[in-house]
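As a plain string of letters, each chain reads:
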Amino acid sequence: MLRGRPWPPLYRPPPQVPPPPPDWREYFCMYRDALPPPVPPPPPLALPPRRQLLPCACLHAPSAQQHPRSRSLDNVREEDEAMLLEYHRHEPVARQRKITHHHSGSGSNHVANKENVKRRSMENLLEHRPTRRKPVGGGGPVGGGLNGSVGGGAGRPRFLAVTSLEDVQAVRCAEFHPTGPYYAVGSNSKTLRICAYPKLTDLREEHTTVQPTVLSKRTRHHKGSIYCMAWTPVGDLMATGSNDKTVKLMRFNAETATLEGAETELTMHDGTVRDVCFLEDTSNKSSLLISGGAGDCKIYVTDCATGQPYQALSGHSGHVLTLYNWGGAMFVSGSQDRTIRFWDLRARGCINVVTPLTSPATRGSPVAAVCVEPSGRLLVSGHEDASCVLFDVRGGRTLQTFKPHTADVRSIRFSPSAYYLLTAGYDNRLVLTDLQGDLTTPLPSVVVAQHQDKVISGRWHPVDFSFLSTSADRTATLWALPPV
């Protein structure tokens, strides 16, 4: 009797609604194994608006109608001084905004203010787009036309060879002291020299190149060639690296311009030491030495207070060719394995890897030189295929690839105010590239110096608009502009 009674069910499931038909994109992604729609490109690098800068007159023909006073190499100092006056006028506002300096130490207030100018000068790279002008023809060997063509007008400013240090073998490296009155030179002859930086107020167009004043000299400083050197940000320590697989750490007295005390020799490398740089450990108030090269391809971190390496950073599969630090606990390295690695000592390892594509047909080229703009936004790399790559660090994208040289690019540095880029290559030339404008468009460049053989390095003076170059022609030359 109970079995035949139609009892109501205890649970009634809700009526099932058929799912909507899949979107065509979802259909292709799920059922046809197709790729999703391409991700839209990131927005262009937008930098905060700042004071508009005029382009360099040495890179373009003058145009009096558009620019009554065009920016040129001979008035860089005047404009920098005007910027310093503007900074002093707004110094209380700057303090309220807590503007900090990347470099601290024994430098004067003038140097500190220069650092302020340097740090803020790259903030309008993409905002200001100067009108491209026709190149100026004619001239001599150290003033070139656009895109590497040698020549300059009769009234054009040009860099003069102020001093030239001659050696018996190729000169590989030279570095200015952070305060500017000295510079050090190292060569394949194993000799280390400390030279005095001359006064440039009396420099004239008819200047004759002379030998620099050597304040200190050490012969057989290493058992092999001196490949690299660096100063601490305050200039109290110097480090040199060699193909004898050692790094030497020395204390420098800026008052007497001499190396004092016993040197510390570091032997943790098992190959040629190709580059060194210093970091400041703010927690322990001491300097850290970063060194890398051939052999095991590791980057070593050494505590300068104890002279003991305490960290070995692995990651590169090829020789480490270049290192660069722009303040803080971060630095970058370039390698024969065609990659650039970003390192953060706080993270105790690599935090990013970039492989710049120098041409569509290749997978990149060995990174021989690397440099980062003082604010940390823009990275420039130089490669063995004569290419330079502009990389947006924050956006994580390549802005453009250009070739200012016809052979290996071995050195890259930003100018003191970060308006220009100085590159040195194995085509015997040093090229100045104008970075004022849209970094995604072709950049004007000019040959500013030339050697008789391969140029190995180029370094800017920390304050003045002058630079040092070292070459396989066995010279280290100081180049500068005559005063206005």
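Quick question: what am I supposed to make of the overall build of the protein here?
Helix and strand content of the protein: four helices and 28 strands. Taking as baseline every contact in the protein between residues at least 6 positions apart, the subset at least 24 positions apart corresponds to 53%. Just so you have it, the protein exposes about 23400 Å², and 52% of that area is on carbon and sulfur atoms.

Please clarify how the nonpolar core should be interpreted in this entry.
Buried together is how nonpolar side chains tend to be arranged in soluble globular proteins. Residues Val 332, Leu 379, Leu 390 and Ile 412 are the most contacted members of the largest nonpolar core, which totals 26 residues. The biggest single contributor to this core is strand S18 (residues 367-372), with five residues. Apart from residues lying up to four places away in sequence, Leu 379 is in contact with Val 332, Ile 340, Phe 342, Val 370, Cys 371, Val 372, Val 389, Leu 390, Phe 391 and Val 393.

Would you mind going over the pairing of strand S15 (residues 330-335) with me for this structure?
On a regular strand, one side chain projects to one face of the sheet and the next to the other, so that they alternate. Most of S15 sits out of view: five of its six residues are buried. Both strand S14 (residues 320-325) and S15 contribute to a ladder of five bridges, which runs antiparallel. From the neighbouring strand, Val 320 faces S15, where its bridge partner is Ser 335. Between S14 and S15, which pair antiparallel in sequence order, lie four residues; one of them, Gly 327, sits at a positive phi of approximately 115 degrees.

Mind showing me how you'd approach unusual backbone geometry here?
If a residue is not glycine, its phi is most likely negative; likewise, a peptide bond is most likely trans. With a phi close to 60 degrees, Ala 257 is a non-glycine residue in the positive phi region. A residue is classified by how much of its surface remains accessible, and Ala 257, at 3% relative accessible area, is buried. Despite not being glycine, Ala 386 has its phi angle at roughly 75 degrees, a positive value. A residue is classified by how much of its surface remains accessible, and Ala 386, at 4% relative accessible area, is buried.

Which parts of the structure should I look at to understand the sheet that holds strand S20 (residues 388-392)?
Pairing between the strands of a sheet is mediated by backbone hydrogen bonds and can be parallel or antiparallel. Here we have four strands laid out as an open sheet, ordered S18-S19-S20-S21, and antiparallel in their pairing. Each of the sheet's edge strands pairs with one partner strand only, and the pair in question is S18 and strand S21 (397-402). Across the sheet, the mean angle separating the axes of adjacent strands is 20 degrees when strand polarity is ignored. Inspection of the sheet shows strand S19 (residues 378-383) paired to S20 by five bridges, in the antiparallel sense. Residue Ser 381 lies in a different strand from S20, and its bridge partner there is Val 389.

Can you help me understand the environment of Gly 382 in this one?
Along the polypeptide, Gly 382 turns up in strand S19. Residues Gly 382 and Val 370 lie twelve residues apart in sequence; the distance between their C-alpha atoms is 6.1 Å.

How should the side chain of Gln 311 be read in this particular structure?
Its place among the elements puts Gln 311 in strand S13 (residues 308-313). Gln 311 sits in the buried class, given a relative accessible area of 12%. Discounting chain neighbours no more than four positions away, the residues touching Gln 311 are Ile 299, Tyr 300, Val 301, Leu 345 and Arg 348.

How do you make sense of the pattern of salt bridges when you look at a structure like this?
Should their charged atoms come close, side chains of opposite charge can pair. Per the counting criterion, the structure on display carries ten salt bridges. In this structure, Glu 205 engages Arg 158 in a salt bridge whose closest nitrogen and oxygen atoms are separated by 3.8 Å. With a gap of 47 residues between them, Glu 205 in the loop between strand S4 (192-196) and strand S5 (214-218) and Arg 158 in the loop between helix H4 (109-120) and strand S1 (160-166) connect regions that are remote in the sequence.

What's the story with the packing of aromatic side chains in this structure? I'm lost.
For any pair of aromatic rings, the description consists of the separation of the ring centres together with the inter-plane angle of the planes. Evaluated as defined, the whole model comprises twelve aromatic pairs. Centroid distance Tyr 182 to Phe 252: 5.8 Å. Interplanar angle 70 degrees. Geometry classified as edge-to-face. With Tyr 182 in strand S3 (residues 182-187) and Phe 252 in strand S8 (residues 247-253), this residue pair connects regions lying 70 residues apart in the sequence. Classification of Tyr 182 as buried rests on a relative accessible area of 13%. Between Phe 467 and Trp 479, the aromatic rings sit 6.4 Å apart at their centres with planes inclined by 20 degrees, giving stacked as the arrangement. Remark: Trp 479 occurs in strand S28 (residues 475-480) and Phe 467 occurs in strand S27 (residues 466-471); sequence separation between them is twelve residues. The residues Phe 467 and Trp 479 share a single accessibility class, namely buried. Among the aromatic residues, ring-to-ring pairing joins Phe 159, Tyr 419, Tyr 420, Trp 460, Phe 465, Phe 467 and Trp 479 into one connected group.

Quick question: what am I supposed to make of the sheet that holds S28 here?
Strand order in this open sheet of four strands is S1-S28-S27-S26, and the pairing throughout is antiparallel. The sheet is open, and its two borders are formed by S1 and strand S26 (455-460), each paired with just one other strand. Pairwise comparison of adjacent strand axes, ignoring direction, gives a mean angle of 20 degrees for this sheet. In this structure, S27 lies alongside S28, joined through five bridges in antiparallel fashion. Residue pairing in the sheet places Thr 470 in a bridge with Ala 476 of S28.

Rules and cut-offs
- Residues numbered from 1 in each chain as written.
- Predicted model: local features only at pLDDT ≥ 70, side-chain atom pairs only at ≥ 80, totals over all residues.
- Heavy atoms only, no water.
- Helix = DSSP H or I, 4+ residues; strand = E, 2+ residues; numbered from the N terminus.
- Contact = heavy atoms within 4.5 Å.
- Areas by Shrake-Rupley, 256 points an atom, 1.4 Å probe, with all protein chains shown as cover.
- Core = buried A, V, L, I, M, F, W, Y, C linked by side-chain atoms within 4.5 Å.
- Buried < 20%, exposed > 50% of the residue type's maximum accessible area, 1.4 Å probe, protein only.
- Pairing = 2+ DSSP bridges.
- Axes fitted to C-alpha atoms, helices over the stretch in contact; angles between N-to-C directions.
- Salt bridge = Lys/Arg side-chain N within 4 Å of Asp/Glu carboxyl O.
- Phe/Tyr/Trp six-rings, centres within 6.5 Å; stacked < 30°, edge-to-face > 60°.

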